[in-house]
Amino acid sequence: MYALAYRIGLWTGKRRELAFLYSDSMPELPEVETIVRGLDKRVTGDMIESVWIGTRTQPLKSPAAEIAATLEGKKIVRVHRAGKHIVFDLEKKAARAKTRRTASLRENERSQWIVHLGMTGRMLVCESAAEIAKHTHLVAKLASGRELRFVDPRMFGKLSVHTADFDPGGVEPLEVAEEEFLALFRGRKTPIKSALLNQKLLRGVGNIYADESLFRAGIRPRRRASSLTWEDLRRLYGAVQEVLREAIALGGSSISDYVDSDGEEGFFQLQHRVYGREDKPCLVCRTPVKRIALIGRSSHYCPKCQK
Ligand SMILES: [Zn+2]
């Protein structure tokens, strides 16, 4: 539905307005976590036999030849998440050494395939006979006979390969300790909402969960981080953890049109208390929810419950 609205928007020249309304509907940490768990269950242990890469270069952050060379002949040993990135840990068994001495010198060759879904990216696990969807940019044939496919109509997604451990920067919001969280935000002059969205501080928190966390913590999005007390920051720490954990438990919430790694509609929606509820009564005090623009994104809050 959203994708359709966007495309119509492009044709009628309403791009700016629609981009403002819909630019937030990208997968955030809980959705990526759900996708990653689905992928890990389905493809870990499988071997990538061959790779086909399309001609569009936008989603490729490593050269196509390098991506193919890194993926082909590798075993997928684990699929996990780093911020909003999907990380495939790959391994190539070292050639059998002739003597025990050389064997100890040869380690299994390790590498990583990193996928960022952007706004409309999807990773599908399908049978090889399944019809190839439009906007498919990569197909990895697996030894099991299935295929991993990357589909992305708007091409904001990113594909890259790494030989060392990939580090997107920032800290994992579900792993950060309270004291570290407080230190990240304490004294910053930016609005707290912008600081929450800054991926160099926390990685993976996007617009929806930032709004929901601020609502639960009773803090307005425009408040400067430096104006928050230790107590405010402690409540916010608790709220971020609570919101993300609830959303993961529900399988990630989504207002976009992407699907899980089986290609099925895979997401339940966490009931948003403020996000997307402009002018609707606050679920706590009935005051109409407000929407404001902040760093080009829409922010929703209750003017009574949030100070
Ligand atoms: Zn309220």
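As a reminder, the structure under discussion sits directly above these lines.
The paragraphs below set out a description of the structure included in this document. (Residues numbered from 1 in each chain as written. Predicted model: local features only at pLDDT ≥ 70, side-chain atom pairs only at ≥ 80, totals over all residues. Heavy atoms only, no water.)

Opposite charge on two side chains lets them pair, provided their charged atoms get close. Enumeration over the complete set of coordinates arrives at 19 salt bridges. Across the pair Glu 242 and Arg 216 runs a salt bridge, and its minimum N-O distance is 2.7 Å. With Glu 242 in helix H9 (residues 230-249) and Arg 216 in helix H8 (residues 207-217), the pair connects residues that are 26 residues apart, well separated along the chain. Residue Arg 216 is joined to Glu 246 by a salt bridge in which the shortest nitrogen-to-oxygen separation is 2.9 Å. Residue Arg 216 is found in helix H8, and its partner Glu 246 is found in helix H9; the two are separated by 30 residues along the sequence. Residue Arg 216 is classed as buried on the basis of its relative accessible area, which comes to 17%. Connected through salt bridges with shared partners, the residues Glu 33, Arg 37, Arg 81, Asp 167, Glu 172 and Arg 203 form a single ionic network. (Salt bridge = Lys/Arg side-chain N within 4 Å of Asp/Glu carboxyl O. Helix = DSSP H or I, 4+ residues; strand = E, 2+ residues; numbered from the N terminus. Buried < 20%, exposed > 50% of the residue type's maximum accessible area, 1.4 Å probe, protein only.)

To continue, consider the coordination of the zinc ion. For the zinc ion, every protein donor is listed as Cys 282 (SG), Cys 285 (SG), Cys 302 (SG) and Cys 305 (SG), and the spread of their distances is 2.2 to 2.4 Å. Here the zinc ion binds 4 donor atoms, and the angle range of 100 to 113° at the metal identifies the geometry as tetrahedral. Donor residues binding the zinc ion come from one chain and are separated in sequence as C-x2-C-x16-C-x2-C. Judged by relative accessible area, which is 1%, Cys 282 ranks as buried. (Donors = N, O, S within 2.8 Å, 3.2 Å for Na, K, Ca; no water. Tetrahedral: all angles 85-135°; square planar, octahedral: opposite > 155°, others 65-115°.)

One open sheet holds the 4 strands; their spatial order is S1-S6-S7-S5, and the pairing between them is antiparallel. At either margin of the open sheet sits one strand with a lone partner, and together these are strand S1 (48-53) and strand S5 (122-127). Pairs of neighbouring strands in the sheet enclose a mean axial angle of 20°, with direction left out of account. Summarising the sheet, S5 and strand S7 (residues 146-151) pair through 6 bridges and their orientation is antiparallel. Note that in S7 the partner of Cys 126 across the bridge is Glu 147. (Pairing = 2+ DSSP bridges. Axes fitted to C-alpha atoms, helices over the stretch in contact; angles between N-to-C directions.)

Attention now moves to the environment of Pro 153. The topology assignment puts Pro 153 in the loop between S7 and strand S8 (158-162). Looking at Pro 153, the relative accessible area reads 23%, which means it is partly exposed. Between the C-alpha atom of Pro 153 and that of His 135, which follows or precedes it by 18 residues, the distance is 5.2 Å.

Counting 32 residues, the largest nonpolar core has Phe 181, Phe 185, Ile 192, Leu 196, Leu 202 and Leu 236 as its most contacted members. Those elements giving two or more residues to this core turn out to be helix H6 (178-185), helix H7 (192-197), H8 and H9. With residues near it in sequence (within four places) discarded, Phe 181 still touches Val 176, Leu 202, Leu 233, Leu 236, Tyr 237 and Val 240. Membership of the second largest hydrophobic core comes to 29 residues, among which are Val 32, Val 36, Ile 53 and Met 123. (Core = buried A, V, L, I, M, F, W, Y, C linked by side-chain atoms within 4.5 Å. Contact = heavy atoms within 4.5 Å.)

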